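# Structural features, examined
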Amino acid sequence: MISVSTRQLLRTVAMGQGLAAVICGTAITSQYLATDFHVNTPMFQSFLAYALLCLTYTTMLVFKRGDGNILQILRNKWWKYLLLSLVDVEANYTVVKAYQYTTLTSIQLLDCFVIPVLMILSWFFLKTRYRPLHYVSVCVCLLGVGAMVGADLLAGRDQGSTSNILLGDGLVLVSATLYAVSNVCQEYTVKNLSREEFLGMVGLFGTLISGIQLGIVEYKDVASVQWSWKIGLLFAAYALCLYTLYSCMPIVVKMTSATSVNLSLLTADLFGLFCGLFLFQYTFSGLYMVSLVVILVGFISFNVMPTTPADPADPASPVAWEEGSYDNPAPVCEDSTMKQEVGVKITSDDEEDKETTAEEEEERFQGLPGLPWTTGGRGECFVRHSTKM
């Protein structure tokens, strides 16, 4: 019989690989648009996905009552979501732009920069604390990416441009940093506020920003598209895949973390390669299977042990899983000499005759076996439970 923790781990792995498969769908549709129809409109494709988010989740916020209503959110936090959406839009744009200047190998390697940046941002802003196993797991996943890049080189798939490698590599690093910022904000929002608020605001401002940028940088490319039902179907498939990614990713982030999700997404390129074996006649290499296994092993080991929040008393120190913390409370005894209460009570003569003095009570309890009694007073022992926030 599978334990609850094992089912949770299997569910996390399955959902993470589901997100990777959705990203694979966006890559395949973009590949078809670029190779078969010579259409290269990344901003227009992103605009379609943001518009779908706006139609669904922003509309939900419009009809929601109370503090979650769109008017209340815009009144208090509009500028925060504007900046977050700007970061998200430009992260998508810069990584696609990098393909015009550098190679696929460089993009695959440098795109992993998002993971250490995520861990650093999570440490400082989300107060997430990692165990040694988490660092080892990340290194294992990066070794898997190295095996994938090696397989690409052996198969002759070092595609892309070399017109300005330095600029292209810089764009990849900028994109990875922006993705890390966006994912950390997403994790904070879905864990402390709501998934609908995050998607509704990103959909609203993402549509506005991508629409403006589309009119500036891509209006000629969109106007030159020779529209057909096949091109329309590919655009719709891309938008639905990206919409599904945005809709489901907050669910997985809330279950695990943004770092864990990005580790699972490392297999997206491999899924694209496996599909390319049949669709685009890619050359197969055994290193691809090795890379897939290594990345999955690293991802599973990362999720075996959950990350821990920082100790509220010391933000710079991780929470130790010891007695007295979280689910393992330890008894804490306080001597009454450390904490005494002094009471003053005015009594009548009849009440004084009925009361038992402290000395008589002490003498009476000293004769009973098994009761800890000291001259300083009775020790007060209790269990202190700490609450997870």
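Residues numbered from 1 in each chain as written. Predicted model: local features only at pLDDT ≥ 70, side-chain atom pairs only at ≥ 80, totals over all residues. Heavy atoms only, no water.

### Considerations on the environment of Phe-205
The line we're drawing: Helix and strand labels come from DSSP, where a helix needs a run of H or I of at least four residues and a strand needs a run of E of at least two; each type is numbered from the N terminus. Think of it in three bands: residues with accessible area under 20% of the maximum for their type are buried, residues over 50% are exposed, and the middle band is partly exposed, with areas taken using a 1.4 Å probe on protein chains only. Residues are treated as being in contact if the distance between any of their heavy atoms lies within 4.5 Å.
If you trace the backbone, Phe-205 turns up in helix α8 (residues 195-217). With relative accessibility at 10%, the residue Phe-205 sits in the buried group. With 124 residues separating them along the chain, Phe-205 and Tyr-81 place their C-alpha atoms 7.3 Å apart. With sequence-adjacent residues up to four places away left out, Phe-205 is seen in contact with Leu-74, Trp-78, Tyr-81, Leu-82 and Ser-85.

### Points about the packing of aromatic side chains
As a reminder of what qualifies: Centres within 6.5 Å make a pair out of two Phe, Tyr or Trp rings, where for Trp the six-membered ring is used; the pair is then stacked when the planes are under 30 degrees apart, edge-to-face when over 60, and tilted otherwise.
Tallied over the full model, the rule gives 7 aromatic pairs. Between the aromatic rings of Tyr-130 and Tyr-135, the centroid separation amounts to 6.0 Å while the plane-to-plane angle is 65°, which identifies the pairing as edge-to-face. Relative to Phe-302, the ring of Tyr-130 lies with its centre 6.5 Å away and its plane at 45°, an arrangement referred to as tilted. Taken as a pair, Tyr-130 in the loop between β1 (128-129) and α6 (132-154) and Phe-302 in helix α13 (residues 286-304) lie far apart in primary sequence, 172 residues in all. In this structure an aromatic cluster arises from ring pairing among Phe-44, Trp-227 and Phe-235.

### Some words on the pattern of salt bridges
This is how it is decided: Salt-bridge detection follows one rule: a side-chain nitrogen of Lys or Arg within 4 Å of a carboxyl oxygen of Asp or Glu.
The tally for this structure, following the rule as stated, stands at 3 salt bridges. With a closest N to O distance of 2.8 Å, Glu-197 and Lys-77 form a salt bridge. One end of the pair, Glu-197, is in helix α8; the other, Lys-77, is in helix α3 (residues 70-98), with 120 residues separating them in the sequence. We note a salt bridge from Arg-195 to Glu-196, for which the minimum N-O separation is 3.7 Å.

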